[in-house]
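An overview of the molecular structure
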Number of protein chains: 2
Amino acid sequence: MQCPTPRQETERVLLGHGAGGRLTAELLATLVLPALGARPGPLEDAATLPPLESPVVSTDSFVVSPLFFPGGDIGSLAVHGTVNDLAMRGAEPVALAVSLIIEEGMALAELRSVMESLGKAAADAEVPVVTGDTKVVGRGAADRLFITTTGIGRRLPGLEPSAARARPNDAVLLSGPIGLHGTAVLSTREGLGFDADIASDSCPLHRLVRALAPLGGGVHTLRDPTRGGLAAALNEIAEASGTGAEIDEAALPVPGPVAAACDLLGLDPLHVANEGCLVAYVPEPRADDALRAMRGVPEGASAVRVGRTTAAHPGRVELSTRVGSRRVIDMPLGEQLPRIC
Amino acid sequence: MQCPTPRQETERVLLGHGAGGRLTAELLATLVLPALGARPGPLEDAATLPPLESPVVSTDSFVVSPLFFPGGDIGSLAVHGTVNDLAMRGAEPVALAVSLIIEEGMALAELRSVMESLGKAAADAEVPVVTGDTKVVGRGAADRLFITTTGIGRRLPGLEPSAARARPNDAVLLSGPIGLHGTAVLSTREGLGFDADIASDSCPLHRLVRALAPLGGGVHTLRDPTRGGLAAALNEIAEASGTGAEIDEAALPVPGPVAAACDLLGLDPLHVANEGCLVAYVPEPRADDALRAMRGVPEGASAVRVGRTTAAHPGRVELSTRVGSRRVIDMPLGEQLPRIC
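Residues numbered from 1 in each chain as written. Chains lettered and ligands numbered in written order. Predicted model: local features only at pLDDT ≥ 70, side-chain atom pairs only at ≥ 80, totals over all residues. Heavy atoms only, no water.

Brief notes about the domain arrangement of chain A
Residues and elements named next belong to chain A. For chain A, the assigned domains read domain 1 (6–42 + 51–155) and domain 2 (163–328). With centres defined by C-alpha atoms, the gap from domain 1 to domain 2 works out at 28 Å. In total, about 1700 Å² of surface goes out of reach between domain 1 and domain 2, with carbon and sulfur atoms giving 58% of it. Summed over the three residues of domain 1 that lose the most area to domain 2, namely Pro 70, Asn 84 and Met 88, the buried surface amounts to 33% of that side. One can count two salt bridges joining domain 1 with domain 2. Between Arg 210 and Glu 92 there is a salt bridge, with the nearest N and O atoms lying 3.0 Å from each other. Inspection of the domain 1/domain 2 interface yields 11 residue pairs in polar contact (both at pLDDT 80 or more). Sorting the residues of the side of domain 1 that touches domain 2 by element identifies strand S3 (68–69), helix H2 (74–87) and strand S5 (91–103) as the ones contributing at least two each. Here the element with the most residues in the side of domain 1 that touches domain 2 is H2; it accounts for seven residues. (Domains from an automatic or database assignment. Buried area = accessible area lost by both parts, 1.4 Å probe. Salt bridge = Lys/Arg side-chain N within 4 Å of Asp/Glu carboxyl O. Polar contact = N/O pair within 3.5 Å; in protein donor to acceptor, adjacent residues only side chain to side chain. Helix = DSSP H or I, 4+ residues; strand = E, 2+ residues; numbered from the N terminus.)

Below is the structure:
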């Protein structure tokens, strides 16, 4: 939908755009709501939803820098990140609430791009944006744009995945290659030139989870390895369930350009954030069924088995390296890559 | 609950505290979760909720500056603001999701104060914080702390207030004095010295709405006059419903110190934000019942009738002044007071 006041495209966000008056109403009516595909109409303080038998809720703030990167931007990321947090609890999204914190002076054209991307990502994920909020802070009080997305979901019947439900003799499955999102953002931010070869994997994972639904309670654990990377996800599961895991380095899908970028930057691909893959823990006898189901949807086309759980070292995650040695995969201490999501 | 590592009190937030690794886990375990009264346990990507017959959702980002002001702080405000947005749709809160964006270098002691205030406000409102997120951005990329709170609520049976449901011959009721929140924050921020006489009215309004529940569908419209003040709330209702309103200036409860502060600052008290009062539109024959119900709870003790709706000038809000003249109450253009909530 076109903006009825194209002159805005050379204009910038003013403090008054966040003040709840006429300027706020204009920003919403001419930019935010059209981008989100929202029907015009009275704005209320809160949105009503249809009855929910088993609601799930998740919230995430997105502060990624830069706002645009190969494979996505803060708008699409703000949808995918929250949809995926719901999916990791076995839920599909029902509604999104989106809250913006904008720095005074941000170009309206740029804000429009982000909001259109957010609207498109939400439409692709088949989830409406039902309510939101817009705040503007003065120059220097924020870095251009932060987006907080909250998702309300509905648990798929039979699924009750939880980090605490991992058990010994589970297969550890990974739905796709690791390290793409973090290295794509870092390369763009720092001008490292990998951008041509690396794009973020950012995508919604609820359809992949839906494909796993026939396994029901057999899906012990789902986790998307975002901040802290696969290392953090595996350690959180190990800690929550008290179950150790053994990961096979040779089975880990690390794309060549990601490996090269990590080598150059001194990063461990296991610590780099992802936004479009998940780990699934299922009982060993169900592993082939689960892999087949995952590979049946595009997001899971390259799903692989990367390891197994064990009662031998509760709570600890170990890596069997290519050269036949073993090392512990630790929880990352802090962040090698700030503002990655 | 005491922090097990009191040395932290002289320490500051690091970038790594938002990175999803060990530092994040430590911040959550030693500061955030105890302050929120959350039971320790595995952290999941999303929280499950009990079945909801008529769910309502609302989200708000809070960017108030300063973080602490007479009558509240960003933590309590982040609870009250969202609880009240739910209440304005006739809902009581069931769960809150809280997302933090923290500037690197913020004192942990200050963050703890805010989180304890947030936890106390949530407990007082009888609503649990069920999920959240923590991001840290570098120095200068945010102004200390922004909080986004999303509330999930349950609509009270029989209530379906909406800005669009105002009708001619409604009484316009106001639950308490106006102008306190905005002037309290401004006075503190600018060091104007009104702080001794003015405190924010910030408080949760769901109990006041519950008191109105016996009027059922007779409660046409509820609105809390936050950003843009009473002028914005009245104009939004007039626009959404196509119903005009006539407000009696002599009936408007403007506390003396607020009037003095507004005089000095050239502000119109009708444009100043509130965080603890609401306007209710009810059919004239029900007005006394509604006032009695409102005055029965502490938040509504000083509820008054401030005007009535009319078919005479659809969509327009007029003020009958003390001197007997009439003027239009316009929608404020932008904000006289940025970062007020």
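Now that the structure has been shown, we can carry on.
Observations concerning the nonpolar core
Residue and element names in this part refer to chain A. Counting 50 residues, the largest nonpolar core has Ile 74, Ile 102, Leu 111, Met 115, Leu 118, Leu 145 and Ile 147 as the members making the most contacts within it. The set of elements that each furnish at least two residues to this core consists of helix H1 (22–36), H2, S5, helix H3 (108–124), strand S6 (129–137), strand S7 (145–155), helix H4 (180–190) and helix H7 (256–265). Residue-level mapping places this core at the junction of two domains, with at least three residues from each of domain 1 (6–42 + 51–155) and domain 2 (163–328). The contact partners of Ile 147, leaving out residues within four places of it in the chain, are Asp 60, Ser 61, Phe 62, Ile 74, Gly 75, Ala 78, Val 98, Ser 99, Leu 100, Val 114 and Leu 118. (Core = buried A, V, L, I, M, F, W, Y, C linked by side-chain atoms within 4.5 Å. Buried < 20%, exposed > 50% of the residue type's maximum accessible area, 1.4 Å probe, protein only. Contact = heavy atoms within 4.5 Å.)

Focus on the relation of the copies chain B and chain A
You can overlay chain B on chain A at an RMSD of 0.0 Å; the transform is a turn of 180 degrees with a shift of 0.0 Å along its axis. Taken together, the rotation and translation relating the two chain copies correspond to the operation of a two-fold axis. It is B:Ala142 whose C-alpha, among those of chain B, lies nearest the rotation axis, at 2.0 Å. Comparing contact sets, 100% of the residues at the interface of chain B also lie at the interface in chain A, consistent with an isologous, same-surface contact. (Least-squares fit on C-alpha atoms with pLDDT ≥ 70 in both.)

Brief notes about the packing of H4(A) against H7(A)
Residue and element names in this part refer to chain A. H7 packs onto H4 with a crossing angle of 60 degrees between their chain directions and a minimal axis gap of 10 Å. Classed by the angle they form, the pair H4 and H7 counts as oblique. Considering the relative orientation of H4 and H7, their crossing is left-handed. In contact with Leu 180, Thr 183 and Leu 186 of H4, H7 contributes Val 258, Ala 261, Cys 262 and Leu 265. Class assignment for the residues of the contact of H4 with H7 results in six nonpolar, one polar and no charged. (Axes fitted to C-alpha atoms, helices over the stretch in contact; angles between N-to-C directions. Parallel < 35°, antiparallel > 145°, perpendicular 65-115°, else oblique. Left-handed = near helix turned anticlockwise from the far one by under 90°. Nonpolar A, V, L, I, M, F, W, Y, C, P; charged D, E, K, R; others polar.)

Quick word on the packing of aromatic side chains
Scanning the entire structure with this criterion turns up one aromatic pair over all chains. Relative to B:Phe146, the ring of A:Phe146 lies with its centre 6.4 Å away and its plane at 50 degrees, an arrangement referred to as tilted. Taken together, the residues A:Phe146 in strand S7 and B:Phe146 in strand S7 (residues 145–155) connect one chain to another. The ring of A:Phe62 carries the charged tip of B:Lys135 above its face, separated from the ring centre by 5.6 Å. (Phe/Tyr/Trp six-rings, centres within 6.5 Å; stacked < 30°, edge-to-face > 60°. Lys NZ or Arg CZ within 6 Å of the ring centre and 35° of its normal.)

Focus: the interface of chain B and chain A
The partner chain A presents 73 residues to the 73 residues of chain B that form the contact. Of the roughly 5700 Å² buried between chain B and chain A, counting both surfaces, carbon and sulfur atoms make up 58%. Three residues, B:Asp45, B:Val57 and B:Arg227, lead the burial of chain B against chain A; their summed loss comes to 12% of the area buried on that side. Residue A:Asp133 pairs with B:Arg227 through a salt bridge whose shortest N-O separation is 2.7 Å. Linking chain B to chain A there are 27 residue pairs in polar contact (both at pLDDT 80 or more). The set of elements that each furnish at least two residues to the side of chain B that touches chain A consists of helix H1 (22–35), strand S1 (47–48), strand S2 (55–62), helix H2 (74–87), strand S5 (91–103), strand S6 (129–137), S7 and helix H6 (229–241) of chain B. In terms of residues, the side of chain B that touches chain A owes the most to one element, S6(B), which gives eight residues. Looking at the side of chain B that touches chain A residue by residue, the classes come out as 36 nonpolar, 20 polar and 17 charged.

A closer look at helix H3 (residues 108–124) of chain B
Residues and elements named next belong to chain B. Across its 17 residues, H3 extends 24 Å between first and last C-alpha, which sits within 8% of the 24 Å expected from 1.5 Å per residue. Residues of H3 that are buried include every one of Leu 108, Leu 111, Arg 112, Val 114, Met 115, Ser 117, Leu 118, Gly 119, Ala 121 and Ala 122, and no others. Positive phi appears at Glu 126, one or two residues downstream of H3, with a value of about 60 degrees. (Expected span 1.5 Å × (residues − 1).)

Some remarks on the sheet that holds strand S2 (residues 55–62) of chain A
As summarised here, the arrangement of the five strands in space is S6(A)-S5(A)-S7(A)-S2(A)-S1(B), forming an open sheet in which the pairing is mixed. Each edge of the sheet is formed by a strand with only one pairing partner; in this case those strands are S6 of chain A together with S1 of chain B. Pairing of S2(A) with S7(A) involves eight bridges; the strand directions are antiparallel. Along S7(A), the bridge assignment pairs A:Pro55 with A:Arg154. (Pairing = 2+ DSSP bridges.)

Section: the sheet that holds strand S12 (residues 304–310) of chain A
The strands making up a sheet associate through backbone hydrogen bonding, with each pair oriented either parallel or antiparallel. Residues and elements named next belong to chain A. Taken in spatial order, the seven strands of this open sheet run S9-S11-S8-S12-S10-S13-S14, and their pairing is mixed. Either end of the sheet is taken by a strand with one partner, and the two such strands are strand S9 (221–223) and strand S14 (326–328). Sheet twist, expressed as the mean angle between neighbouring strand axes with direction ignored, is 25 degrees. Both S9 and strand S11 (residues 279–283) contribute to a ladder of three bridges, which runs antiparallel. Note that in S11 the partner of Thr 221 across the bridge is Tyr 281.

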